[in-house]
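# Secondary and tertiary structure notes
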Amino acid sequence: MKQTFLLIMLAVSLGLAAASPAQSGESPSETRLKAAYLYNFAKFIHWPEESFANTESPLIIGVLGATPLAKELPPLTARKVRNRAIEIRQFDKVEEATGCHILYISPSFNKGLRPALEQLSTKPIVTVGDQGNFTALGGVIQFVTRRDRLRFIIHLAVARENSIKIDAQLLSLAVEVVGREK
Amino acid sequence: MSFSLPKLHTGGIVSLCLLTLLPHSLWATGEEMLDLDLSQLMEIQITSAGRKEQNLADVAAAVYVIDQETLHSSGVTSIPEALRMVPGLQVARMSSNKWAITSRGFNGIFSNKLLVQIDGRSVYTPSYSGVYWDSQNVVLEDIERIEVIRGPGATLWGANAVNGIINIITKQASDTQGGLVSAGAGNQEKIIGTLRYGSQLNKDTYGRFYLNRHDQDSYQLLAEGSDANDASELTGAGFRVDGDVGLQNNWTLQGDLYQGDGNQILAPVWIPDSPLPLTVNDSIENNGYNLLGRWQHNISETNTWSLQAYFDATDRKEQYLAQNFKTVDLDFQHRFQFLEQHDLIWGLGYRNVSDDFTNTYMIGIVPEQETSELFSGFIQDEISLFDDRVRFTLGTKIEHNDFTGVEIQPSARLLWSVNSAHKLWTSISRAVRTPSRIEDSGRIVLGPIPVPPYPKIKVYGNSEMESEELIAYEAGYRFSQGSNFSLDTTVFYNDYSKLLDYSYADMLNVYFINGMSGHSYGLELSGRWRPVSWISAELNYSFIELSMDPLSPAAGRFSISDIIAENSTPQHQISLRSSFDLSETVRLNVWARYVDKVKIAGQAAYSAGIEVDQHVALDVNIAWKVTETLELMLAGQNLLESNHLEFVNEYFVPPTEVGQSFYCKLTWEF
């Protein structure tokens, strides 16, 4: 009986050796999901009028530091948020980024997250990041992973300091809202 | 998940099989994804590259894990069948609805040295210290993993985890979103049906429910080849809800309800004043429900506590006994790191079991109703030394039960990571099995002596019974080369004392006593190999030798417990499983098992002079993914022999042969 079994195994192995099933299957794109989040954040966030040159000027989404997310952002430029076009910009230095509305700070940005966030504080910018201490260091929105899903926490006090208004609907979807007034 | 934190992490484990249940939106292009709103984005499951792999290589114990993919590929239709692949376990089907499952010897319907838990809920029956496998209803598709730890786990899990623990862990509700319907039928598997649906209840809460049904046909008797009348039906329903509260808390609430009907032939059945054995066609009615809640609070990455509570009710009626149990269990665990090198975990537990028996002439337990309490506490410290190259784990459990008082079960474990490829571990531990209600205060009619007026021999419980004790010495070696080859070897030496035996007060009255000591040693080997991406193979081998000494082999001693213990375990077992991805959508799974002969498969087999022959079993199935969401499986089990005997039930049930099974199953996810 054992011989029979071994023969079957052997035959199957040989017979199939020629076949080469390619294991493909695109891995789910977390960065694409982040891009969609950034677009959605924009819909629920209100910036002070001064942050726009005029009623026609675009909403600027910036990326600080190299990140694969940069590749996923161009499709956003085809969309509009409250009648404003979306513009995508890539920055290497914090000083350059002061004019944008949403700024994603890549984990690869190695010139110091804390000084960067300090430099950007009180400016009407929604900083977004992945680092575990992002909101603790003064960031506005931090991505977190909960149950294998991409979620976010919001630091409301920082948002207020930056003169940014966040809709209650967005707040209600956050895993946690830090610095909410009691 | 680390070995040292079994219960806490059941709530935090992440599914290995994420991709199968993803919503379609995941496959959306960048453009399409932009059209989704926030709540839809929040439903999309991602696989994070940084997720910590379960590192079994770092566990100083003999651990084997059956993951969902393996479970699915094996083509099994129940948990006991899946356990056949685990090295060191002895799994034998006694009839269509009865199993003898043990770890490292002492098999039988009353295998009492193996603890089994489903999501942290013990399913070990305290009346006879064993598991009624026919009433354990779990949706196989919802199982995340089955962890099997051979050897004592008493330090963490408590009494009765003498020779092993089986932890059946189901997926979190967040990992079973969407619908699943599976329907199958075959000659032996009359109906396999499952409906499960999971959905996001609100932004932080996920839930699922299931309905299932499993009907099995009967086998045939060894003697006449006639119908063994052992068909069964099991219907179940249940739910699980998992939620998060902020960043630091998560909780689980789950419950199940089941109702089973099984048939059995009982022979011999004895009645008062008659020496003649009767044969009765009996039915087993079993039903039960349970509800479990768990709250976990993460103070930090290295500081976590959890509180778990469950209620479990089971009811089982058979001709010779009706049993009803209600269990309340509370469990608290806290794990934290201190001084960088210490990973400490401690916990407290309380269990309250109320039983209610309906005695018969055949079996009685006195008093018929009793409530027993169990208090327990444990502490374990895992100390990391030499840059984490060596880990020394020291721990003990202390518990108090109503039968034997205080039991102390310590263990010491040492793991040496020579390098990332080679690991060595060794351990010494003590474990006990506490007496069951039957052993404490039961009465069983064995049968008449062959002399007029044919009075009957009875076995009586003994309230002086103490716990069975084990000191176990284990050592293991693991080797892994990338993900393509791994080898896991364990050797053990078990030193038992105060094992259950029988003592004859006179010709007619027998008592349970702690009358036997003994030892066992063995080797368990598990090798995995993936020569090319589309072929995987696993070879498992187990060897065991048991040797028992009756403490007082006085004249007139009729007990044969020692020779049964020595001869009821197959000495050699081999399992060879392989999977072939024939194409992107078709997978062939082949599983061959060799089980050595069982010279004396229990008391009844000894009396009848039945020996269980060695056998080779072959299971083959082919799974075809017709579409992304629809799978068709054709399976054949026990293909080499039309019928074979695996074990003989010790009491009442005549020897039954396991037959061939062919079935076809469709699984649709939506």
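All figures in this text were calculated on a predicted structure; none of them were measured in a lab.

## Looking at the overall build of chain B
In terms of helices and strands, chain B carries eight helices and 35 strands. The C-alpha atoms of chain B give a radius of gyration of 25 Å, which matches the 26 Å a tight globule of 670 residues would have. Judged by the C-alpha coordinates and their principal axes, chain B covers about 90 × 55 × 45 Å. Burial analysis of chain B (670 residues in total) assigns 60% to the buried set.

## Side note on the sheet that holds strand 33 (residues 643–645) of chain B
All names here are of chain B. On the basis of which strands lie adjacent, the open sheet formed by three strands has the order 11-34-33 and antiparallel pairing. If you trace the sheet from one side to the other, it starts and ends with strand 11 (220–221) and strand 33, each paired once. Two elements, strand 11 and strand 34 (residues 656–659), share two bridges in a ladder whose sense is antiparallel. Each bridged residue has a counterpart across the sheet, and for Q220 the counterpart in strand 34 is E657.

## Quick look at the packing of aromatic side chains
Applying the stated rule across the entire model yields 19 aromatic pairs over all chains. Seen from their ring centres, F41 of chain A and F152 of chain A are 5.2 Å apart, and the 80 degrees between their planes marks the pair as edge-to-face. In this pair, F41 of chain A sits in helix 2 (residues 30–44) while F152 of chain A sits in strand 8 (residues 149–155), placing the two residues 111 residues apart along the sequence. For the residue pair F41 of chain A and F152 of chain A, the accessibility class agrees, reading buried in each case. Through a chain of ring-to-ring contacts, three or more aromatic side chains come together here, namely Y37, F41, F143 and F152 of chain A. Between R84 of chain A and the ring centre of F52 of chain A, over which it is positioned, the NZ or CZ distance is 3.6 Å. Residue placement shows K113 of chain B over the ring face of F106 of chain B; its charged tip is 4.4 Å from the ring centre.

## What about a nonpolar patch on the surface?
Residues and elements named next belong to chain B. A grouping of L195, Y197, F209, L211, F239, L253, L291, W668 and F670 is seen on the molecular surface, where their side chains present a nonpolar patch of about 790 Å² in accessible area. Contributions of two or more residues to the nonpolar patch are made by strand 9 (189–202) and strand 10 (205–216). Of note, Y197 is situated in strand 9.

## Notes on the pairing of strand 8 (residues 178–186) of chain B
Residue and element names in this part refer to chain B. Relative to strand 9, strand 8 runs antiparallel, the two sharing seven bridges. Each bridged residue has a counterpart across the sheet, and for G184 the counterpart in strand 9 is I192. Counted between consecutive antiparallel strands, the loop separating strand 8 from strand 9 contains two residues. Direction of pairing for strand 8 relative to strand 35 (residues 661–669): antiparallel, over a ladder of seven bridges. Of the residues in strand 35, the one forming a bridge with S182 is T667.

## Details of the nonpolar core
For soluble globular proteins, nonpolar side chains are generally found buried alongside one another. By size, the foremost hydrophobic cluster in this structure holds 48 residues, and its most contacted members are Y37, F41, F152 and I166 of chain A. Looking at which element gives the most residues to this core, the answer is helix 2 of chain A, with nine residues. Each residue touching F152 of chain A, except ones within four places of it in the same chain, is listed here: Y37, F41, I141, Q142, F143, V144, L170, L173, A174, V175 and E176 of chain A together with L38 of chain B. In this structure, I66, V123, V131 and I143 of chain B belong to the second largest nonpolar core, which totals 27 residues.

## As for the sheet that holds strand 6 (residues 126–129) of chain A
Residues and elements named next belong to chain A. Reading across the sheet, the eight strands line up as 3-4-2-5-6-7-8-10 and stay open at both edges, with mixed pairing between neighbours. Since the sheet does not close on itself, it has two edges, and those belong to strand 3 (80–81) and strand 10 (176–178), each with one partner. Of the strand pairs in this sheet, strand 2 (residues 59–64) and strand 5 (residues 102–105) are connected by four bridges, and their pairing is parallel. Of the residues in strand 5, the one forming a bridge with G62 is L103. The strands that helix 2 touches are strand 2, strand 3, strand 4 (84–91), strand 5, strand 6, strand 7 (141–146) and strand 8; relative to strand 8, the one it contacts most, it runs at about 40 degrees.

## Points about the environment of A62 of chain B
Residue and element names in this part refer to chain B. Checked against the element boundaries, A62 lands in strand 1 (residues 62–67). The class of A62 is buried, set by a relative accessible area of 0%. Taking C-alpha positions, A62 is 35 Å from G262, a pair spaced 200 residues apart along the chain. With residues near it in sequence (within four places) discarded, A62 still touches R104, V148, I149, R150, W425, E474, T490 and E524.

## Let's talk about the confidence of the model for chain B
Residues and elements named next belong to chain B. When the pLDDT values of chain B are averaged, the result is 88; 93% of them are 70 or greater. Across residues 1–27 the pLDDT falls below 50, and counting only partners more than four positions away or on other chains, this stretch makes 87 contacts in the model. pLDDT under 50 marks residues 48–54. Its contacts with residues more than four places away, or in other chains, come to nine contacts.

## Let's talk about the pattern of salt bridges
Working definition: two side chains of opposite charge can pair if their charged atoms are close together. All names here are of chain B. By the definition in use, this model includes 44 salt bridges over all chains. We note a salt bridge from R316 to E318, for which the minimum N-O separation is 3.0 Å. On the basis of relative accessible area, R316 is assigned to the buried category, the value being 6%. For the salt bridge of E439 with R433, the shortest nitrogen-to-oxygen distance reads 2.9 Å. For E439, a relative accessible area of 5% puts it in the buried group.

## Thoughts on the pairing of strand 35 of chain B
All names here are of chain B. Burial along strand 35 is one-sided: the residues S661, Y663, K665, T667 and E669 are buried and none of F662, C664, L666 and W668 is. As defined by bridge partners, strand 32 (residues 630–637) adjoins strand 35 across eight bridges and the pair is classed as antiparallel. Paired with M633 across the bridge in strand 35 is K665.

## Topic: the side chain of D355 of chain B
Relative to the assigned elements, D355 of chain B resides in strand 17 (residues 342–358). Discounting chain neighbours no more than four positions away, the residues touching D355 of chain B are N324, F325, E368, Q369, E370 and R437 of chain B.

## Re helix 4 (residues 113–120) of chain A
Residue and element names in this part refer to chain A. Taken as a whole, helix 4 has its buried residues at L113, A116, L117 and L120. All buried residues of helix 4 lie within an arc of 95 degrees about the axis, which places them on one face of the element. Looking at the buried side of helix 4, the elements it contacts are strand 5 and strand 6. Downstream of helix 4 by one or two residues, T122 has phi in the positive range, about 65 degrees.

The rules behind the values
- Residues numbered from 1 in each chain as written.
- Chains lettered and ligands numbered in written order.
- Predicted model: local features only at pLDDT ≥ 70, side-chain atom pairs only at ≥ 80, totals over all residues.
- Heavy atoms only, no water.
- Helix = DSSP H or I, 4+ residues; strand = E, 2+ residues; numbered from the N terminus.
- Rg over C-alpha atoms; globule rule 2.2 N^0.38 Å.
- Buried < 20%, exposed > 50% of the residue type's maximum accessible area, 1.4 Å probe, protein only.
- Pairing = 2+ DSSP bridges.
- Phe/Tyr/Trp six-rings, centres within 6.5 Å; stacked < 30°, edge-to-face > 60°.
- Lys NZ or Arg CZ within 6 Å of the ring centre and 35° of its normal.
- Patch = residues over 30% accessible without salt bridge, like charges linked within 9 Å, V, L, I, M, F, W, Y side chains within 5 Å.
- Areas by Shrake-Rupley, 256 points an atom, 1.4 Å probe, with all protein chains shown as cover.
- Salt bridge = Lys/Arg side-chain N within 4 Å of Asp/Glu carboxyl O.
- Core = buried A, V, L, I, M, F, W, Y, C linked by side-chain atoms within 4.5 Å.
- Contact = heavy atoms within 4.5 Å.
- Axes fitted to C-alpha atoms, helices over the stretch in contact; angles between N-to-C directions.
- pLDDT = per-residue confidence, 0-100.
- Arc of directions from axis to C-beta.

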